[in-house]
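Close look at the chain arrangement
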Amino acid sequence: MELTPKYDAAIVESKWYSQWESAGLFKETNDPKKAKYTITIPPPNITGSLHMGHSLCYPTQDAIGRYKQLKGYDVLIVPGQDHAGIATQSVVTKQLKAQGISPSDIGRDAFVEKTWEWRKVSGDTILNQFRLLGCGFDWSKSRFTLDPDYAGAVLQIFIDWFNRGLIYRGKRVVNWDPVLKTSVSDIETLRKDTQGKLYHIRYPYADGSGEVIVATTRPETMLGDVAVAVHPTDKRYTDKIGKMVILPLSNRQIPIIADQYPDPEFGTGAVKITPAHDPNDYEVGARHGLEMPVILDESANVCLEGPYFGLNRYEARKRIVQDLEDGGFLVKIEDHAIALIVSDRSGEVVEPLLSEQWFVKQTELAKDAIAVVKEGKITFTPERYTKVYLDWMENIRDWCISRQLWWGHRIPVYYTQSGAAVAALSWDEAQKQAGDDKIVRQDDDVLDTWFSSGLWPFATLGWPKKTELLEERYPTSVLVTDRNIIYLWVARMIMMGMDVCKQIPFDKVCIHATVMAADGRRMSKSLGTGVDPTEVIEKVGADALRFTLLSQAGSNQEIRYSEKKTEDARNFCNKIWNASRFLIMQPGFETAKQPLRLETIDKWLLTRLHLTIELVTEAYEEFDFQRACQAMYQFFWSEYCDWYIEVAKPRINDPEQRDTPIFVMRYCLDAFLKLMHPIMPHITEEIYQFVAQKPGFISQSHWPEVDAAFIDEKIERQVQSWFNIVRAVRALRADLEIDPRKPVPYAVVSSDLGEGNEILRSQAWITELITSPGQETIIKTTEEGVEIGIPITDMIDLNKLGIKVNSEVKKLSEEIAKLEQRLSNPQFVERAKPEIVEREQETLAELKRKLEAAASKKQTLGL
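One structure accompanies this document, and this report is about it. (Residues numbered from 1 in each chain as written. Predicted model: local features only at pLDDT ≥ 70, side-chain atom pairs only at ≥ 80, totals over all residues. Heavy atoms only, no water.)

Take the overall build of the protein next. Looking only at helices and strands, the protein has 27 helices and 29 strands in total. Counting only C-alpha atoms, the protein reaches 110 × 70 × 55 Å along its principal axes. Classification of the 863 residues of the protein by burial places 52% in the buried group. In the protein, 76% of the contacts between residues at least 6 apart in sequence involve partners at least 24 apart. Roughly 39,700 Å² of accessible area belongs to the protein as shown, and the carbon and sulfur atoms make up 49% of that amount. Each charge class in the protein can be summarised by its mean position, and for the 105 positive and 124 negative side chains these summaries are 1 Å apart. (Helix = DSSP H or I, 4+ residues; strand = E, 2+ residues; numbered from the N terminus. Buried < 20%, exposed > 50% of the residue type's maximum accessible area, 1.4 Å probe, protein only. Contact = heavy atoms within 4.5 Å. Areas by Shrake-Rupley, 256 points an atom, 1.4 Å probe, with all protein chains shown as cover. Lys, Arg positive; Asp, Glu negative; His and termini not counted. Charge placed at Lys NZ, Arg CZ, Asp CG, Glu CD.)

Looking at the secondary structure, you find Asp445 in the loop between strand E20 (439-442) and strand E21 (446-447). A residue is classified by how much of its surface remains accessible, and Asp445, at 8% relative accessible area, is buried. Other than its neighbours up to four places away in sequence, Asp445 contacts Arg108, Arg169, Gln357, Trp358, Ser402, Arg403, Gln404, His409, Arg410 and Ile411.

Per the stated rule, a full pass over the model turns up 41 aromatic pairs. For the pair Trp116 and Phe144, a centre-to-centre distance of 5.8 Å together with 85 degrees between the ring planes defines the contact as edge-to-face. Taken together, the residues span a long stretch of sequence, with Trp116 in helix H4 (residues 103-122) and Phe144 in strand E4 (residues 143-144) at a distance of 28 residues. Accessibility expressed as a relative area gives 29% for Trp116, which makes it partly exposed. For Phe144, a relative accessible area of 3% puts it in the buried group. Within the aromatic cluster, the residues linked to one another by ring pairs are Phe547, Phe572, Tyr633, Phe635, Phe636, Trp637, Tyr640 and Phe672. A cation over an aromatic ring shows up here: Arg66 above the ring of Trp20, its NZ or CZ 4.5 Å from the ring centre. (Phe/Tyr/Trp six-rings, centres within 6.5 Å; stacked < 30°, edge-to-face > 60°. Lys NZ or Arg CZ within 6 Å of the ring centre and 35° of its normal.)

Here the focus is helix H22 (residues 681-691). The buried fraction of H22 amounts to 10 of the 11 residues, a majority that puts the element mostly inside the structure. Inspection of H22 places Pro681, His682, Ile683, Thr684, Glu685, Glu686, Ile687, Tyr688, Phe690 and Val691 among the buried residues, and these make up the whole buried set.

Moving on to the sheet that holds strand E16 (residues 399-400). In spatial order, the strands read E6-E5-E14-E16; together these four strands make up an open sheet with antiparallel pairing. For this open sheet the edge positions go to strand E6 (182-183) and E16, each flanked by a neighbour on one side alone. As paired strands, strand E14 (residues 351-360) and E16 are joined by two bridges and run antiparallel to one another. Each bridged residue has a counterpart across the sheet, and for Val360 the counterpart in E16 is Trp399. Across the sheet, helix H7 (residues 279-288) lies against strand E5 (167-177) and E14, angled at about 145 degrees from E5, the strand it touches most. (Pairing = 2+ DSSP bridges. Axes fitted to C-alpha atoms, helices over the stretch in contact; angles between N-to-C directions.)

Read from one edge to the other, the open sheet built from four strands follows the order E10-E11-E9-E12, with strand pairing classed as mixed. Unpaired on one side and paired on the other, strand E10 (244-247) and strand E12 (271-273) mark the two borders of the sheet. The mean angle between the axes of side-by-side strands here comes to 35 degrees, regardless of whether they run parallel or antiparallel. Where strand E9 (residues 227-230) lies against E12, three bridges are found, and the strand directions are antiparallel. Its bridge partner lying in E12, Val228 is registered against Lys272.

Once that is clear, we can look at the environment of Thr268. You can see Thr268 is positioned in the loop between strand E11 (252-258) and E12. Separated by 186 residues in sequence, Thr268 and Asp82 have C-alpha atoms that sit 48 Å apart. In contact with Thr268, not counting residues within four places along its chain, are Ile213, Val214, Arg236 and Tyr237. Separated by 2.6 Å, the side chain of Thr268 and the backbone oxygen of Ile213 make a polar contact. (Polar contact = N/O pair within 3.5 Å; in protein donor to acceptor, adjacent residues only side chain to side chain.)

Okay, here's the thing in structure tokens:
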């Protein structure tokens, strides 16, 4: 058996996943001697398909699990899916409309049935794509947030909190989607910067003594104004507080009030207050006990009786602005940058709307969730997210948990004839609680999906039943997630875990980076910046994609995806494959025994291996995959391949000497494959089957341990100095443009390098090392205190090289001058796209590096 001449990712990767799954490698071992390590994955939406964020998040969890498995833990990674209320309802609604069917035509029950049918056919797409990525999750324990047991757990918590007074129904301003006609959470919205207008409007004093001017980007909301607010320290209005102004067009009188909300430095310092249509205005209104008239309905049409009734908000804006101008109330209109909040699902601009919804009181729930983080029982990586979490939790507000949908967990509140509300798991149970007061209907709303996913760490393990899985696996070990849902998900899981289970849900939170497009913009299909991971996998393989992303995933929180990095990762796979094949094909590979005597270069490689094991282990423990990948890349490509194999080739080709280097190479390759397995599971498994001393999968082996007996830092420094000398001679040859294939007849060396002489001779392509120069012209370089000279007579044409170098210097100088002139032009810098300016700056820096190298070459040649 041997590895194929060429590495084919498609063949290798399609081969192993089914074998791992069939062998039960993703299931818990239930070995009482092993410590438990548990991860519950962030449940992707059933509407989802693989994107680059998934390609980093879920392989990160897989990498942690594979590492811990090799470290001897009994690992369980529980997968599952979220029912994705808004997203799924939108998908099914569109499908029905394409068939000429409106959801209202078929009713709630039939719609929900249609949605379940869709889920059975299309809802597992993303889980199958996780298999493409090589994610080792226990699919037999997969959970869905609408499974009966899970749904029962969700409803039970709602009922408990309702009965404890933690859940209430009330009116507050929420994000409202006028198309979907439901409240939406912050994560379901996008910020869209656009150019809008700022309208300056006169509000006359009721006593005719003057006017106050306010500015707004949404003049249509003035129909619901109930006050004008000024800051209490703003001297311009100190004597105006309490005065009444006339609301233009409505002819209503409203007061001027003092509040901390207005910024005296912005505009006129006076702010119109519309509590029903702005979250900040709502808080002002609540503080001052103001009325809160709603002037837009669920479709964002004016619902106030009068000349604008029935107009949508944009039509109303046009009419109102025209009427203000006709009435002499419009002072001016300015261009103004506006950050619109857009629904991620419908694409419609969200309307802040005072709406009756279900809320959770979070202040009490937050106390324990704050304490466990402050006490270090839960830690965040990177650590800076601890402050982000605590800042949010210490200023937490009530949470809107209701959605006006049909798909989801229907709120288990039932109403009686008398209007009483009862929370129960079923209609019958509600009737028992209500007694003679007849139940007439169930609440129509469903729960926010973040409510149901807040139970994820314990409900997936069987709660509220006291299952063996829950007893053994809760708390879980680590949560891997995105920074954007620290508030929406992480905080809620910690609150729910502390309240329901009286324990933390996990002790570590790993916040993975966000994958951006190559130019730094967010990845988006609509922007044309999205990259389909499945296409990348088809082209270069999952291992290459995993390495591309994980090798950049350290403390940095934004990484740029590029095809160049992916090509580099594929080349690394090829390097691993080819170097492994080279070793496996050597005579004596199967029989090479541990040598009695190691040469210096052998000891150096073993030292580098064990120092790499130490670094990589530490990096994995800290979730610093970037540092781990850099260390493994450096060890394998540079130290193992470029140095050790090249230096050891004469011994490898000698039957009398080959056993030692072959053993050392096999020993190091075996360890390297285990180190790399969490990042590149497929290729490491394939090669391991040839390298392993015992049968079995690589994940059933053991993590390499650091052996101090193999670490000799003195030898490491000595060999490194020899390599530095070789590099210096190679650089000198390159400066002199001596073909690497052309041996230099001799080099003059000022010091005897001992064993390093042969390394210098073979790796710098020198036929002989001498101590005294002849009559030829010698060009010298100095490195590590050693002077090395090589003859240039008969090796190069100095005149020809001089002409070439001078021409290169001139050309580079001219290009640099042009670029510097362009970049010093303020008009270019201000008008050009930032990425173009950045690219030009990078080009300039590269040209300067080339010029410096050319000037150095001139100096070396004495030109």
